[in-house]
Each structure stands twice: as structure tokens, then as C-alpha cells.
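Structural characterization, general
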Amino acid sequence: MAKQKNEAQKAEEFLQAELNDFVKSVNKEQGFDMMAFNSGGASEVKMHVPTGALELDIRLGGGFPVGRIVELFGAKGSGKSTLGDSLIVEAQKAGGVGIKIDSEHTHDPARFAQMGGSSSQLILIQPRTLEEALRFMVASVKKVRTKIKRKMLVPIDRPVVIFWDTLHASRTEAEVFGGDEGEFNYEKVEGLQPKVRLLQRWFPYIAPFLPRNNVLFVIANQMIANISPYGGAQTTTGGNVMAHYPTLRCRMSGERDEYEESGGPVGTPSTIYVQKNKLYGEQFDVRFAIRYDTGIDPDTTNLWWLQSNHLLPKKGGWHKFGYADVVHSFQPKSYREQLADKVPRLSEVLAAMVSKADLWEKVDIDGEQQWMFPSIEAVVVEDLPEEEEISEVVVGE
């Protein structure tokens, strides 16, 4: 029996060695890692870019997956551009760079700076045509991953985020320059969908290009009327190309209501619906807050989620989390400053919870699946003020 097991093991090792040599020879011949054996391959997700929404990041394993394509689509004003810019900011915080394809020519450097972004780590592309956008995008990635004196300009372990704002606003060269005096001439592009044909040629190259360079490619898209009698009332630009290549397809929907701080409106809620999820297969929706000045508001977004899961019940102006009383970040400024040395801000508690994201688990509570953070003791605040001390605090104007 032992002899048979030994022979079977040798046969398996021989098979693995032969297949491994075959894959290496093919990759060497092609010039890149086209095939993989006994591993996740080049498309294996090795890092994520956080979105700022704790629930979304937990369900996606840490955020949007680097090396993949993510489509954000929805009506105007739903927060697509804000979320895309926020992802660039997060990549910059991690030591990476951002590449923004501004087809709408609406990039606002002042607001980008307010969001925490750095123009010195941003390559801004404002193309005239779709071809220019794709060529300059690939050239920019190759440049930041160029080795100079044996060192990359941007190390491979740091993410590069490309944000295309928006695909719908981009036009092909045939559309822009095909006719007299700049008029569109669809006859020269063999049909009424030149953009789709161009994307069909480029995406088979772009898809494997992204994981080899650790690039997250986020595409903002608009909802348009569907003229097909067999389809729904609305669809997105790009046809089936945008239906197949993105790992995540997220529909965003804004809300008319505003949320307030200190008596005045400061932002608006929005909801992101993950309709296609090739990573985990789960479809879900997450509600988040967008501030008018600084973009995605992680504190308010995560506060809403924690409250909905009964993890952070509110009592007056305070939130109870385990053994800690926490002042949330949109209390009046003087109120926070007077207790800053004794009570942490909500963002600090949330940061501790995010750092222990692997501890979150989904449990059944009264027949409903809810996310829970089991190790409440992991975030404990000492030297809390007494109830009498809290009640004596005077809120300044």
C-alpha cells in the first residue's frame, strides 16, 4: 500500500513539473504571463482600494479590487465622479498615483484638494477623442511603472487608480473628425456604434494589462435611453463590452433629501447597488453620505450603517459602542474640542474597527442576517467622563 502511494505521489509530482514547464515556455514565448498553473494567475486580487464605506469594504474584502475593471453607472448627480475622485485620493494615501481621464473637462482642482487629493500625484488626461484617452492612459501607466536605475517610479506594491469620467462623454475620432467642419459622419465608421467597436478592440488588451501593473480601472458611465424593443427602458454606453469585462458593476442612485450638521445642510445621501459581483457573487446595496465640500463622508456613512445594525445606538448627542461613549464627528465644534482629551471622535473608533475588518462576521438575529463586530473589547476607551461631567458641558455658539 505504501509503495502504491509513493508511486502515485511521484506521478503527480512529474505531472505538475511538466505542466509548470509548459506554462513557463508559453509565457516566455508570448512575452507576458498569459497562462498560469497551480496559482491564481496574474488576475488574482492582491490588494484593494478602500471606498470609505465600511460595509462596502467588508463585503468586497477590503474595497474595490486592484487589477480589475469597475463600472459606476447611474443618473447625473448620483455621486459617480465624487466616488471616483475619492478612490484616487485613497490610492495617493497608500503611496500610489491617480490617473483621471476627464472626458467632460470638468475637473475641479480646488475641490479635489479639499477631498485630500494631491495634484502632484495625479495625471490628468483631458482628451478630445476616445482613442486619445486609451492611448494616453496606457502610456501613463507604463511611465509610472518604468524602472529608472533599477527602481520603479511607483513601486509595484502601491496601487494606481485610473478613473474615467465619463465613458458616455467620449467620442471616437471617426465621430469627431469624420465629417466636414467637425460634423459627425457615421458612414465612415461602418455603422452606428463606433464606440462599441473600438472598445471591443481595446478591452482584450486592457484587461490583462491591469493586473500585471496593479491598476484599478474605474469607469463612470451614464444611463441612456434603450432604443431596442427587447431591452429595458434604460441602458449604458458600451454595449455588451461593459456587461462582460467589469468585475463589479455598481449602479448609483442619489437622493433628494439633504443631511444636516449644526443646523445647516452639508451633503446628500446616495445609494450604490452592486448588481454584478464576480468576486463573491453577492448582490447588495450600501447607503453612503456625500458632503458638498469634501466628497465621501466616511464618518456619517459608517454611522448610518452601525445604527441600522444596532451596533452604535444613540442617546442624545452620544453614541454607545461597547464600553465607550463616543462623540460623533458632526457635533458642534466647541463641543468636540472640550472633550477631545477624554472622548475620542467616532472616526477614531471606526478606524480601529476597519483595522480589524477580518473580525466582522454575519450572524442571524431574529431571522435577519446582520453584520456584527464580535470583539467589542478590542476598542475600549479608558478615563471616560462621568454622566454629571458630560451634562455640565456648555455648547458654545
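The following paragraphs examine the structure supplied in this document. Given the structure is predicted, the values throughout are model-derived calculations rather than measurements.

**Brief notes about the overall build of the protein chain**
A count of helices and strands for the protein chain gives twelve helices and 20 strands. Out of the 397 residues in the protein chain, the part that is buried amounts to 45%. Considering only contacts within the protein chain whose residues lie at least 6 apart along the sequence, 61% involve residues at least 24 apart.

**Here's the deal with the side chain of D57**
Structurally, the position occupied by D57 is in helix 2 (residues 54–59). The buried charged residue D57 lacks any salt bridge partner; its closest oppositely charged side chain belongs to R59, at an N-O distance of 11 Å.

**A short note on the environment of P269**
Note that P269 resides in strand 13 (residues 264–277). Along the primary structure P269 and R256 are separated by 13 residues, whereas in three dimensions their C-alpha atoms are 7.9 Å apart. With residues near it in sequence (within four places) discarded, P269 still touches G254, E255, D257, E258, Y259, R287, F288 and W304.

**Quick word on the packing of aromatic side chains**
Counted by the stated rule, this structure contains four aromatic pairs. Ring geometry for W202 against Y205: centres 6.4 Å apart, planes inclined by 80°, an arrangement best described as edge-to-face. Here Y205 and W202 lie together in helix 7 (residues 194–212), a separation of three residues that amounts to about one turn. An angle of 20° between the planes, with centres 5.7 Å apart, marks the rings of Y205 and F209 as stacked. In this pair, Y205 and F209 both sit in helix 7, four residues apart, roughly one turn of the helix. Given the relative accessible area of 5%, F209 is considered buried. Grouped by ring-pair contacts, the aromatic residues W202, Y205 and F209 constitute a single cluster. Cation over ring: R287 sits above W304, and NZ or CZ is 4.3 Å from the ring centre.

**Considering the side chain of S103**
If you trace the backbone, S103 turns up in the loop between strand 4 (97–102) and helix 4 (109–114). For S103, a relative accessible area of 10% translates into the label buried. Reaching out from S103, the side chain makes a polar contact with the side chain of S170 at a distance of 2.8 Å. Once residues within four sequence positions are removed from consideration, S103 is found in contact with P127, W164, D165, T166, A169 and S170.

**A look at helix 3 (residues 80–93)**
Taking 1.5 Å of rise per residue, the 14 residues of helix 3 would be expected to cover 20 Å, and the 20 Å separating its terminal C-alpha atoms lies within 8% of that figure. The buried fraction of helix 3 amounts to eleven of the 14 residues, a majority that puts the element mostly inside the structure. One or two residues past the end of helix 3 sits G95, with phi positive at roughly 90°.

**Comments concerning the pairing of strand 4**
Where burial is concerned, most of strand 4 is hidden: six out of the six residues are buried. Of the two faces of strand 4, the one carrying V97, I99 and I101 and the one carrying G98, K100 and D102 are both buried. In this structure, strand 4 lies alongside strand 8 (residues 160–165), joined through six bridges in parallel fashion. Residue pairing for strand 8: D102 is matched across the bridge by D165. By the bridge criterion, four bridges tie strand 4 to strand 5 (residues 122–125) in an arrangement that is parallel. Within strand 5, the position partnered with G98 by the bridge is L122. Following the backbone out of strand 4, through helix 4 and into the adjacent parallel strand 5, one traces a crossover that is right-handed.

**Some words on the pattern of salt bridges**
Under the counting rule described, the total for this entry stands at ten salt bridges. Note that K100 is salt-bridged to D85, the shortest N-O span being 3.1 Å. Taken together, the residues span a long stretch of sequence, with K100 in strand 4 and D85 in helix 3 at a distance of 15 residues. For the residue pair K100 and D85, the accessibility class agrees, reading buried in each case. Taking the shortest distance from any N to any O, the salt bridge between E255 and R287 comes out at 3.1 Å. In this pair, E255 sits in the loop between strand 11 (248–254) and strand 12 (259–261) while R287 sits in strand 14 (residues 284–291), placing the two residues 32 residues apart along the sequence. Classification of R287 as partly exposed rests on a relative accessible area of 38%.

Calculation notes
- Residues numbered from 1 in each chain as written.
- Predicted model: local features only at pLDDT ≥ 70, side-chain atom pairs only at ≥ 80, totals over all residues.
- Heavy atoms only, no water.
- Helix = DSSP H or I, 4+ residues; strand = E, 2+ residues; numbered from the N terminus.
- Buried < 20%, exposed > 50% of the residue type's maximum accessible area, 1.4 Å probe, protein only.
- Contact = heavy atoms within 4.5 Å.
- Lys, Arg positive; Asp, Glu negative; His and termini not counted.
- Salt bridge = Lys/Arg side-chain N within 4 Å of Asp/Glu carboxyl O.
- Phe/Tyr/Trp six-rings, centres within 6.5 Å; stacked < 30°, edge-to-face > 60°.
- Lys NZ or Arg CZ within 6 Å of the ring centre and 35° of its normal.
- Polar contact = N/O pair within 3.5 Å; in protein donor to acceptor, adjacent residues only side chain to side chain.
- Expected span 1.5 Å × (residues − 1).
- Pairing = 2+ DSSP bridges.
- Right-handed = clockwise from strand over helix to strand, strands pointing away.

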